[in-house]
Amino acid sequence: MPQPTLHVAAFADLGARTLYDLLRLRVDVFVVEQACPYPELDGRDVEDGTRHLWLAADDAVLAYLRILAEPDGPARIGRVVVAATARGAGHAGRLMTEALRLVGDRPCLLEAQAHLAHLYARYGFTGTGPEYVEDGIPHLPMRRDAHIDR
């Protein structure tokens, strides 16, 4: 498989096929694989400040995340997902690195599935509250304070 290509776009810049493929990956993993019937389409994808990041190879979406602009200032990373057939190749890390580059020195929030908290800790995120269960899956609220690489 060729090296996946990184893409970044606002909602208005997504083509219909790309949008379908991104949503399909999210539903395949979060709703079907993880057996969580929840409203995956939450209205935040279309917000002006939202950025969609994904990796694709051979016209297949391998991994995805979105960055949301929260009203109170911090960025929020969410919907981090890697296709089952593409796991273990570092795709989530590549997306996280790019997302944090785009976030810049702003603080950043995320709600990690608890078993993945170690992944986000590698990027400077720390737990900010107790673990909780959402849709049958343990989660941990996490934050990365304003950060400037020196």
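Draft legend 1. Layout of helix α1 (residues 16-33). Over its 18 residues, α1 runs 24 Å from end to end, which matches the ideal 26 Å to within 8%, given 1.5 Å per residue. Count one or two residues on from α1 and you reach alanine 35, which has phi positive near 50°.

Draft legend 2. Region of interest: the environment of phenylalanine 30. Along the chain, phenylalanine 30 falls in helix α1. Judged by relative accessible area, which is 9%, phenylalanine 30 ranks as buried. Those residues in contact with phenylalanine 30 that sit more than four places away from it in its chain are Ala35, Cys36, Tyr38, Glu40, Arg79, Val80, Val81 and Gln113.

Draft legend 3. Highlighting the pairing of strand β2 (residues 51-57). Of all the seven residues making up β2, six are buried; the element is thus mostly covered by neighbouring parts of the structure. Bridge count for strand β1 (residues 5-9) against β2 is five bridges, and the pairing is antiparallel. In the strand pairing of β2, histidine 7 is matched with tryptophan 54. Two strands pair when backbone bridges link them, and β2 and strand β3 (residues 60-69) are joined in this way by seven bridges, in the antiparallel orientation. Bridge pairing links leucine 55 to alanine 63 in β3. Taking the residues that link successive antiparallel strands as the turn, the β2-β3 hairpin has two residues, and the phi of aspartate 58 there is positive, at about 50°.

Draft legend 4. Quick peek at the nonpolar core. Judged by nonpolar contacts, the single largest core of 40 residues is most densely connected at Leu65, Ile77, Met96, Tyr120 and Phe125. When residues no more than four places from it in sequence are discounted, the contact partners of methionine 96 are Leu65, Ile77, Val80, Leu110, Tyr120, Tyr123 and Phe125.

Draft legend 5. Quick peek at unusual backbone geometry. Even without a glycine there, the phi angle at alanine 35 is positive, about 50°. Note on placement: alanine 35 falls in the loop between α1 and β2. Although it is not a glycine, aspartate 135 sits at a positive phi angle of roughly 55°.

Draft legend 6. Structural detail: helix α2 (residues 91-103). Taking 1.5 Å as the rise per residue, α2 with 13 residues should run 18 Å; its terminal C-alpha atoms sit 18 Å apart, in good agreement. Taken together, the buried positions of α2 are His91, Ala92, Gly93, Leu95, Met96, Glu98, Ala99, Leu100 and Val103. Glycine 104 sits one or two residues past α2 and shows a positive phi near 70°.

Draft legend 7. Expanded view of the side chain of arginine 26. Tracing the sequence through the fold places arginine 26 in helix α1. Among the residues examined, arginine 26 registers a relative accessible area of 1% and is labelled buried.

Rules used throughout
- Residues numbered from 1 in each chain as written.
- Predicted model: local features only at pLDDT ≥ 70, side-chain atom pairs only at ≥ 80, totals over all residues.
- Heavy atoms only, no water.
- Helix = DSSP H or I, 4+ residues; strand = E, 2+ residues; numbered from the N terminus.
- Expected span 1.5 Å × (residues − 1).
- Buried < 20%, exposed > 50% of the residue type's maximum accessible area, 1.4 Å probe, protein only.
- Contact = heavy atoms within 4.5 Å.
- Pairing = 2+ DSSP bridges.
- Core = buried A, V, L, I, M, F, W, Y, C linked by side-chain atoms within 4.5 Å.

Functional significance is not addressed by these values, which are geometric in nature.
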